[in-house]
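# Observations on chain architecture
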Amino acid sequence: QFVTSFVNLIDNVMIGSVGASALTSVTVANKYYMLFNSTMFGFCGAAGIFISQFFGAKNNKRCQQVFNINLVFCLLASFLFMFFAAFYPRTILGLFTKTPEIMNLGLDYMNIIKYTYIPNAISFTVAMALRAVAINKVQLKVGVMTVAINTCLNYCLIYGHFFFPQLGVTGAAIATLVARVVEMVIYLIILKRNRHFFKLDGEGLIHLDFKLIGKMIGRAIPLTFNEIMFSLALAFIFKAYMRVDEYLVAAITVVDTVMNIAFIIFGGLSSAVSIMIGKKLGANLLEEAKENALKLEVFGVMIGAVIGAILFVAAKYIPMIYNLDDSINHAITTLLRIKGVLIPVYVVNCCGFFIIRAGGDVKSTIIMDAGFLWVVSVSSATILSIFTPISLIHLFLIIESLDFLKMFLCIYYLKKGTWVNNLTEN
């Protein structure tokens, strides 16, 4: 999970030394990628629900059929995103910036990066499908290789080392493209050799099971909608923080960076939870799935408590890495400690989301995820930031503490049991 996330951060980190405008242009261009990534996650998340359950039912043929459908839909989506990036790049970037320098650099970056969508769709589909049948080491090895290639080419092409031209933003895009193509080729070879459960089935990609497509779309559309709405809700909450104290928002940025590292652990944990629960449901071991859900939640809270305690102690020293004012450093420490205390609550909600999703109960996941954010968190942040003289730290504390309410909602849906479904039947 860390390696997968790290690939997309390398450009932002290394391009930062070129200049603020260059970094901003890459960040803005990658906003469009995040929308593409949310779409991929929605499709592959829906496919993962079915693959893990069919895998539990030992129906390997259906697993391959789901994989074929997912690959076709992800490729179609990648072509669509590439089309808009190719013909309307200025319109896309114009949604985020009007500054000419940032716009021009962003266009240079997007002119190359648009070609990564297709290889990324193939790699993402294969990696998520393998994960759904509990194969993870392959992705780790491929991911490490991708990161290494991207980092080395960034060093050469951004700065012009080892007789390479100094290309800046364009060099970062080329490095990412090469890394993504190599990654795709490796995954295609894996499929061709058929040694890791799935295969490259040309005939199966043409003759799709439309009844199965209908069932998958019923899960994919809500999941994709949830991902997009979740991202937009976070943007609105960030806007509320900006409204309260634009100066101290720098502390929020640092906290988000630190928490992204911590949450990577929960991303891996949650994926494992959804696979393990999905497999039991597919095998029709419904009572065992419910028992395992409780055990996995407790296990997650134990991990969260340990990480939260480490973060609480480390919060005092993390600001020393940055060259910021004392007031911002104090805010960073305070906000990180708030996060540290709440990490066990985040884990309950995160694991609960993936447990409920594993049973195909997408309605409940939308209510407790994007739905809760918009109805409770966004509205609270907006009202408090506009109509009260609240400080940033107090607003942050209130908004983050709302996860306690979300936790009770999560526990309610877990106990309700609407997620205990065997989707492999009929």
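It should be noted that the structure appears before, not after, this text.
Below is a summary of the structure that appears in this document. (Residues numbered from 1 in each chain as written. Predicted model: local features only at pLDDT ≥ 70, side-chain atom pairs only at ≥ 80, totals over all residues. Heavy atoms only, no water.)

## What to know about the overall build of the chain
Quick note on the threshold: Secondary structure counts use DSSP, requiring at least four H or I residues in a row for a helix and at least two E residues in a row for a strand, with both numbered from the N terminus. Exposure categories follow from relative accessible area, calculated using a 1.4 Å probe and restricted to protein chains: below 20% of the type maximum is buried, above 50% is exposed, and the middle band is partly exposed. What makes two residues a contact is simply this: any of their non-hydrogen atoms within 4.5 Å. Within this scheme the basic residues Lys and Arg register as positive and the acidic residues Asp and Glu register as negative, but His and the chain ends are omitted. To locate a charge, take atom NZ for lysine, CZ for arginine, CG for aspartate or CD for glutamate.
Tallying secondary structure elements over the chain gives 16 helices and zero strands in all. Dimensions of the chain, computed from C-alpha atoms along their principal axes, come out at roughly 60 × 55 × 35 Å. Within the chain, buried positions represent 52% of all 426 residues. Sequence separation of 24 or more characterises 80% of the internal contacts of the chain that already satisfy a separation of 6 or more. Across the chain, the 32 positively charged side chains and the 22 negatively charged ones have centroids separated by 8 Å.

## Details of the nonpolar core
Inclusion rule: Only buried residues count toward a nonpolar core. Its members are Ala, Val, Leu, Ile, Met, Phe, Trp, Tyr and Cys residues joined through side-chain atoms within 4.5 Å.
Counting residues in hydrophobic clusters, the biggest one holds 70 residues, and the most contacted among them are Ile51 and Phe198. Considering each element in turn, this core owes the most residues, 16 residues, to helix 2 (residues 20–56). Of all hydrophobic cores here, the second largest spans 59 residues; its members include Met259, Leu311, Leu373 and Ile390.

## Structural notes on helix 8 (residues 169–193)
The test is simple: Given a helix with a known number of residues, its expected span is that number minus one, times 1.5 Å.
For helix 8, spanning 25 residues, the distance from its first C-alpha to its last is 37 Å, which sits close to the expected 36 Å at 1.5 Å a residue. Positive backbone phi, at 55°, marks asparagine 194, one or two positions downstream of helix 8.

## Section: the packing of aromatic side chains
For the record, the criterion: We call Phe, Tyr and Trp rings a pair once their centres come within 6.5 Å, taking the six-membered ring for Trp, and we label the pair stacked below 30 degrees between planes, edge-to-face above 60, and tilted otherwise. For a Lys NZ or an Arg CZ to count as sitting over a ring, it must be within 6 Å of the ring centre and within 35 degrees of the ring normal.
A full pass over the atoms with the stated rule returns 19 aromatic pairs. A centroid spacing of 6.4 Å and a plane angle of 65° characterise the contact between phenylalanine 83 and tyrosine 88, whose relative ring orientation is edge-to-face. Residue classification places phenylalanine 83 among the partly exposed residues on the basis of a relative accessible area of 40%. On the basis of relative accessible area, tyrosine 88 is assigned to the partly exposed category, the value being 41%. Put simply, the rings of Tyr32, Tyr33, Phe36, Phe81 and Tyr117 touch in pairs and so form one group of aromatic residues. Its end group placed over the ring of phenylalanine 312, arginine 337 keeps NZ or CZ at 4.9 Å from the ring centre.

## A closer look at the packing of helix 3 (residues 60–87) against helix 6 (residues 117–132)
Filter applied, for reference: Axis angles are defined between N-to-C directions and span 0 to 180 degrees, where every axis is a line fitted to C-alpha atoms and, for a helix, only to the segment in contact. Should an angle fall under 35 degrees it is taken as roughly parallel, and over 145 as roughly antiparallel, whereas 65 to 115 is taken as roughly perpendicular and any remaining angle as oblique. Each crossing gets its hand from how the near helix is turned against the far one by less than a right angle, where anticlockwise is left-handed and clockwise is right-handed. Residue polarity is assigned by list, with Asp, Glu, Lys and Arg as charged and Ala, Val, Leu, Ile, Met, Phe, Trp, Tyr, Cys and Pro as nonpolar; anything else, Gly included, falls into the polar class.
Two elements in contact, helix 3 and helix 6, have axes whose closest approach is 8 Å; the angle formed by their N-to-C orientations is 155°. It follows from the interaxial angle that helix 3 and helix 6 lie roughly antiparallel. Crossing hand, helix 3 versus helix 6: right-handed. Judged by residue contacts, Phe67, Asn70, Leu71, Cys74, Leu75, Ser78, Phe79, Phe81, Met82 and Ala85 of helix 3 engage Tyr117, Ile118, Ala121, Ile122, Thr125, Val126 and Ala129 from helix 6. Its residues assigned to classes, the contact of helix 3 with helix 6 comprises 14 nonpolar, three polar and no charged.

Remember, this is a structural readout, not a statement about activity or role.
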